[in-house]
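Residue-level structure breakdown
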Amino acid sequence: MPIDAAKAVAAEPRSAEIAWDHKDVQLYHLGLGAGVPATDPDELRYTLESRLHVLPSFATVAGAGMGVVGGLSAPGIDIDLAAVLHGGQTITLHRPIPVRGRAVSTSKVAAVYDKGKAAVLVLRSEAADEDGPLWTSDAQIFVRGEGGWGGDRGPSARVEPPERAPDRTEERPVREDQALLYRLSGDWNPLHADPEFAKLAGFDRPILHGLCTYGMTLKAVVDTLLDGDVARVRSYRTRFAGVVFPGETLRIRMWAGEGRVQVSVTAAERDDAPVLADTVVEHS
């Protein structure tokens, strides 16, 4: 079997130094569509270095997202990358991310689950600087055709939205060039830029990065329900349920609860086709 679950989980973690500064943070925010209107004081917190704060989802690109790359090359993992899908993402914040930082990122395969027709790898990346832990990031990676060995199926993270109207609904447009800009934060997959490559992957045109949608959604929650305060975010998780094409509009429905916001994201122009599901922001 190309995946040796026991060997992968038992492997020694891999560590690498990562660093970022205000330019990386600003570029990431712009890749999420921040800065519209350009002179809006609320948007300047994402774009102007003298007022800058860091959206917690920046953890997925800090150091060019070394956790996923390291995990897929771990001992016991020998897979066809064409069979790989990013199924979900969770970030836990231990404290606010600084505008400028240097940290050690430690990556490992935290778990391997058997879903029958697919395997799920949980690739964990933990970042810490000289002051202690910063964040823990878990990427859930589906590997088609690699299940069925009788292993643990793993937990179910399904979260049904409340049976009431959302407390807030936001529509966020995706610019035609947004995937091209988001790529500059480190995900160079041609699926998000090259029409011919996208056709080979089964799409009639390039698609938006799932982690771009992930960041756009967190920004909408922070801006509308968390008083614009990124430091209130404690954790953020989602399941990627569908694709987004540049030029479309995200419809983001939010239900506020005690210490948490549940979210559903759909593509407005495609009859509310699911995009993000089982999405929860835990906050203070």
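See the structure above.
The paragraphs below set out a description of the structure included in this document. (Residues numbered from 1 in each chain as written. Predicted model: local features only at pLDDT ≥ 70, side-chain atom pairs only at ≥ 80, totals over all residues. Heavy atoms only, no water.)

1. A closer look at the overall build of the protein
- Scanning the protein from N- to C-terminus turns up seven helices and 10 strands.
- For 284 residues, the compact-globule formula gives about 19 Å, and the C-alpha radius of gyration of the protein, at 18 Å, lands near that figure.
- Taking all 284 residues of the protein together, 49% fall into the buried category.
- Contacts spanning at least 24 positions in sequence make up 72% of the contacts within the protein whose residues lie at least 6 apart.
- As displayed, the protein has an accessible area near 13300 Å², and 52% of this comes from carbon and sulfur atoms.
- Side chains of the protein give 31 positive and 40 negative charges; the mean places of these two sets differ by 1 Å. (Helix = DSSP H or I, 4+ residues; strand = E, 2+ residues; numbered from the N terminus. Rg over C-alpha atoms; globule rule 2.2 N^0.38 Å. Buried < 20%, exposed > 50% of the residue type's maximum accessible area, 1.4 Å probe, protein only. Contact = heavy atoms within 4.5 Å. Areas by Shrake-Rupley, 256 points an atom, 1.4 Å probe, with all protein chains shown as cover. Lys, Arg positive; Asp, Glu negative; His and termini not counted. Charge placed at Lys NZ, Arg CZ, Asp CG, Glu CD.)

2. Some remarks on the sheet that holds strand β4 (residues 118-129)
- Judged by pairing direction, the sheet is antiparallel, and its 10 strands sit side by side in the order β1-β3-β4-β5-β2-β7-β10-β9-β8-β6 without closing on themselves. Edge strands, defined here as strands with exactly one partner in the open sheet, are β1 (14-20) and β6 (168-173). Each strand axis lies, on average, 20° off the axis of its neighbour in the sheet, ignoring direction.
- Taken together, the nine bridges between strand β2 (residues 84-93) and strand β5 (residues 132-144) define a ladder with antiparallel strand orientation. Paired with Val84 across the strands is Val143, a residue of β5. (Pairing = 2+ DSSP bridges. Axes fitted to C-alpha atoms, helices over the stretch in contact; angles between N-to-C directions.)

3. Some thoughts on unusual backbone geometry
- Looking along the chain, the bond that leaves Val36 and enters Pro37 is cis, with omega of -5°.
- As for its position among the elements, Pro37 is in the loop between α2 (22-31) and α3 (41-47).
- You will see that Asp271, though not glycine, has its phi angle at about 55°, which is positive.
- In this structure, Asp271 sits in the loop between β9 (260-267) and β10 (273-283).
- Exposure remark for Asp271: the relative accessible area of 75% places this residue in the exposed category.

4. As for the pairing of β10
- Across the 11 residues of β10, nine count as buried, placing the element largely inside the fold.
- The pairing of strand β7 (residues 233-240) with β10 spans six bridges and is antiparallel. Its bridge partner being in β10, Arg239 is matched across the sheet by Ala277.
- In this structure, β9 lies alongside β10, joined through seven bridges in antiparallel fashion. Counterpart to Gln262 in the pairing with β10 is Val280.
- Joining the antiparallel neighbours β9 and β10 is a turn of five residues, in which Asp271 adopts a positive phi near 55°.

5. Some thoughts on the pattern of salt bridges
- Applying the stated rule across the entire model yields 21 salt bridges.
- The salt bridge partner of Arg251 is Glu171, with a shortest N-O separation of 2.7 Å. Remark: Glu171 occurs in strand β6 and Arg251 occurs in strand β8 (residues 249-257); sequence separation between them is 80 residues.
- The closest approach of N and O atoms between Arg251 and Asp272, which form a salt bridge, is 2.8 Å. Of the two residues, Arg251 sits in strand β8 while Asp272 sits in the loop between β9 and β10, which places them 21 residues apart along the sequence.
- Look at Asp272 and you get partly exposed, because its relative accessible area is 26%.
- Three or more residues joined by partner-sharing salt bridges are found here, namely Glu171, Arg251, Arg253 and Asp272. (Salt bridge = Lys/Arg side-chain N within 4 Å of Asp/Glu carboxyl O.)

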